[in-house]
Structure formats: C-alpha cells, structure tokens
Amino acid sequence: MTEARVMLPPGSVIGILGGGQLARMLSVAASRLGYRTHVFDPAPAPPAGDVCFRVTTAEWDDLSALERFAGSVAVITFEFENIPPDTLAFLAARDAVRPCVRALQVSQDRLDEKAFLRDLGLVTAPFLPVNGPSDLAEALNGIKAPAILKTRRLGYDGKGQVRLAEGDDPRAACAAIGNAPAILEGFVDFSHEVSVIAARGLDGAVAAFDPGQNLHEGGILRQTTVPAQLSAPQRSDAVLIAARILNALDYVGVLGVELFVTPQGLVVNEIAPRVHNSGHWTQAGCAVDQFEQHIRAIAGLPLGDGNRHVDVEMENLIGGDIARLPEVLGERGTSVHLYGKAEVRPGRKMGHVNRIRPAR
Ligand code: AMP
C-alpha cells in the first residue's frame, strides 16, 4: 500500500484488537503522540477503556461491528495473538494490519512457529508434531524424556502444557492437554531465560532494546531485570536473532523474542508479535519505551533508539500482590503502573512496578 509508507497524521485513530493492559499502555503512548485509539474487545469494560477514545464491545465474529470498527480507524494493531483467523482476514481486507497477519499466524501455532524459526537457521528445542497418544509414544523414541508436550494453539502463561518424565503414560499426557493437536519439545537445560524486545519500522529500520532477564513463577512472568546476565557476544546474538525474525516477516511494530541461555548458546523458545510483559522495564529505562516504539512503527514515524539509561527491575503485581500497593508506592526510585482491574483473582496481572538504579 502506498499510503502505508506515509506518516499517520496527528488526530488519526489507531484500532487495537484486545483491550487489556497492553492496549491500555499502547493507548497512553498513542495519545502522547497525538493519536487516538479505538479498542475492540468482546469483554465489557476492558482495562484500556479508561484511557482510549472509543471502545467497541462485540464478538470476534460480529461482522457488522468489525466493519464499523474498520471504517473508523486508519490502521489496525493488536495486543494479543489469539485473534480468530477469520476476524483478521476480514479486517486485513479493509485496513492495514500491523504487524502483518503472517506474523500473527506464525505465532498462533507452536508447530508453525518452531518450523519458521528452524527454517531461519535459528536454534530451537528439538520438536515433533503430536496428534494423539500413539504419535506421542513414537515421538518419545526420538525426543527422549524429559520433554514438554504443548498444545499447538491457545497456550499462554504455561497453560496447555504438561511435562513428561521417563516412563510417563502418553495417554495421560495427551488427556492432560485435552487431546488437542500438540507439539513435543525436548527439555532445554538452560541456566536462565532472557527476552529481547525489538521493533521494525515501516522503512525497514530495526531498533532493539537491551535483553532482559526473566523469572517465571507458576508459568507467569514475575520479574524482568536489566541488564541480563549475558556475555557481549550473547547480547549481540540476541539482538541479531530478533532482527532476523523481524526482517523475515517484513514485520512492522514491536516483537518479543523469548530465549533460553545455555552453555552452547541461545535457544529460541517463542515469539510474541506484540508489545510484551518483559518489555515493561523500558518505561523507566529508556527515552522511548516499547509502547511508544510500537505506535511509532505502525504509524510510520521514525523509530526511537533502544538505549537503556538506568538499570531496572520490573516486578509484576499478580493477584494478591496488589495488597502491597501502599508499600511499593512508598519505595524510592520506583514507578507504579496499575491496570484498573477491579476484581482481584489469583494469577491475574493487576499492575507492575519498575525499580530503577543507576546503570552499573
Ligand atoms: P512457554 O509457554 O512455551 O513460554 O513455556 C513456559 C515456560 O516453560 C518457559 O518460560 C520455560 O520456563 C518453560 N519451558 C518451555 N519450553 C521449554 C523447553 N523446551 N525446555 C525447558 N523449559 C521449557
């Protein structure tokens, strides 16, 4: 599209699919750049609703609502990857969708994602498709336990996966993930997990943030620390991996790449075609954070640089952690971000804090 190379004029409306905390923070960044956002979410009163220009509450298959939404925005982006393919195809026929539909398709299916990464020459865990207990038994002859069985689609935050030790019953493992089409992954013996948040602009320019080190608890991100424990070559490797993925997809926007650090080098776990929880530290560490970077990219503005100016520890406030709010509000060098969620539930991300320290 020719107009796609043009900067979106101030006052333009950016459509966002999904209205959670990521859309909320994208909306704030968009408004700082003079844009307005229109959020589409099936759930009423989404967190982004407090800060965006318009909200459409409708189902993903409500074609007339999608038509009106598409007609009201200049460009469409999304805050999560599990948008139904038919919805995306419908919208992509009407508006520029950034990042591209292909990026989303690749990341929606763990098997396609792993094959895409492998075909790019990147290192992943060994993997095989599994469509039932007999497949799994056979796959375990090649990929020995310990291993992880993951559903191909709709898994997140450690959901839809089961670990397999030697001698475990394939039938029970498949049942544990609802007998859904799956992928068996060999267990990667990593020392720690890191992620790179990187962006690619409409002009093809790439900018990466410093890799962050991630700590998960119960499959949910608990903390990201920058700088990560990485050697200089590992650090540039991480950035090169992200750049290769961005270029291969002709990607526009921010992408998160999760990596395992092993003595043999970096192993790619998965990609997220959107702003990412492990990039929240950029709000306190960089002049241009991941949310502004994403808006800049999809609006055709020049990208900001990814330079980090301080050390940061990002901690998620999950479920009952929110009771610590008075305490964290009193901490020096700590900024607090709340998502406006009224109901506290175990495992629900309620907000996060960024603690800064002078760069070492
Ligand atoms: P995922 O949903 O794929 O991000 O997996 C959630 C978490 O499970 C990761 O952050 C890792 O801690 C762990 N994990 C996933 N896949 C593997 C693997 N192949 N080997 C070892 N640990 C893994």
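Rules used in this analysis
Residues numbered from 1 in each chain as written. Predicted model: local features only at pLDDT ≥ 70, side-chain atom pairs only at ≥ 80, totals over all residues. Heavy atoms only, no water. Near = heavy atom within 4 Å. Polar contact = N/O pair within 3.5 Å; in protein donor to acceptor, adjacent residues only side chain to side chain. Helix = DSSP H or I, 4+ residues; strand = E, 2+ residues; numbered from the N terminus. Nonpolar A, V, L, I, M, F, W, Y, C, P; charged D, E, K, R; others polar. Domains from an automatic or database assignment. Salt bridge = Lys/Arg side-chain N within 4 Å of Asp/Glu carboxyl O. Buried < 20%, exposed > 50% of the residue type's maximum accessible area, 1.4 Å probe, protein only. Pairing = 2+ DSSP bridges. Axes fitted to C-alpha atoms, helices over the stretch in contact; angles between N-to-C directions. Contact = heavy atoms within 4.5 Å. Phe/Tyr/Trp six-rings, centres within 6.5 Å; stacked < 30°, edge-to-face > 60°. Lys NZ or Arg CZ within 6 Å of the ring centre and 35° of its normal. Arc of directions from axis to C-beta.

1. As for the site of the ligand
Here comes step 1: Close to the ligand lie 17 residues, the nearest being Lys 150, Gln 161, Val 188, Glu 193 and Glu 270.
Here comes step 2: Contacts to the ligand include Gly 186, whose backbone N or O atom sits 3.0 Å from a nitrogen atom.
Here comes step 3: At 2.6 Å, a side-chain N or O of Glu 193 approaches an oxygen atom of the ligand.
Here comes step 4: Elements that contribute at least two residues to the shell around the ligand include exactly strand 6 (147-151), strand 7 (161-164), strand 8 (182-186), strand 13 (253-262) and strand 14 (265-272).
Here comes step 5: Here the shell around the ligand is composed, by residue class, of six nonpolar, four polar and seven charged.
Here comes step 6: A domain-level breakdown of the shell around the ligand finds at least three residues from each of domain 2 (126-186) and domain 3 (192-358).

2. With respect to the pattern of salt bridges
Here comes step 1: One pass over the structure, following the stated rule, counts 24 salt bridges.
Here comes step 2: A salt bridge links Glu 292 to Arg 32; the shortest N-O distance between them is 3.2 Å. Taken together, the residues span a long stretch of sequence, with Glu 292 in helix 10 (residues 290-298) and Arg 32 in helix 1 (residues 21-32) at a distance of 260 residues.
Here comes step 3: Notably, a salt bridge pairs Glu 292 with Arg 296, separated by 2.9 Å at the nearest N-O pair. With Glu 292 and Arg 296 both in helix 10, this residue pair falls four residues apart, about one helical turn.
Here comes step 4: For Glu 292, a relative accessible area of 9% corresponds to the buried category.

3. Overview of the sheet that holds strand 5 (residues 127-130)
Here comes step 1: The sheet built from four strands is open, its strands ordered 5-8-6-7 with antiparallel pairing. The outermost strands of the open sheet, each flanked by one partner alone, are strand 5 and strand 7. Averaged over all neighbouring strand pairs, the angle between strand axes comes to 25°, with direction disregarded.
Here comes step 2: Along the sheet, helix 5 (residues 110-119) makes contact with strand 5, strand 6, strand 7 and strand 8, crossing strand 5 at roughly 150°.
Here comes step 3: Lying on the sheet, helix 6 (residues 133-142) is in contact with strand 5, strand 6, strand 7 and strand 8; it crosses strand 5 at an angle near 165°.

4. As for the packing of aromatic side chains
Here comes step 1: Under the counting rule described, the total for this entry stands at five aromatic pairs.
Here comes step 2: Relative to Phe 69, the ring of Phe 40 lies with its centre 5.3 Å away and its plane at 70°, an arrangement referred to as edge-to-face. Separated by 29 residues along the polypeptide, Phe 40 in strand 2 (residues 36-41) and Phe 69 in helix 2 (residues 63-72) bring together distant segments of the chain.
Here comes step 3: Residue placement shows Arg 36 over the ring face of Phe 53; its charged tip is 4.2 Å from the ring centre.
Here comes step 4: Just above the ring of Phe 90 sits the side chain of Arg 94; from NZ or CZ to the centre is 3.6 Å.

5. What to know about helix 2
Residues spaced three or four apart along an α-helix face the same direction, because each turn holds 3.6 residues.
Here comes step 1: Every buried residue of helix 2 is accounted for by Ala 65, Leu 66, Phe 69 and Ala 70. Buried residues of helix 2 fall within an arc of 135° about the axis and therefore sit on the same side. Opposite its buried face, helix 2 presents the exposed residues Arg 68 and Gly 71, each directed more than 90 degrees away.
Here comes step 2: Residues of helix 2 that are buried make contact with strand 1 (13-17), strand 2, strand 3 (54-57), strand 4 (75-78) and helix 3 (85-92).

Interpretation note: all reported values are geometric properties and have no functional meaning in isolation.
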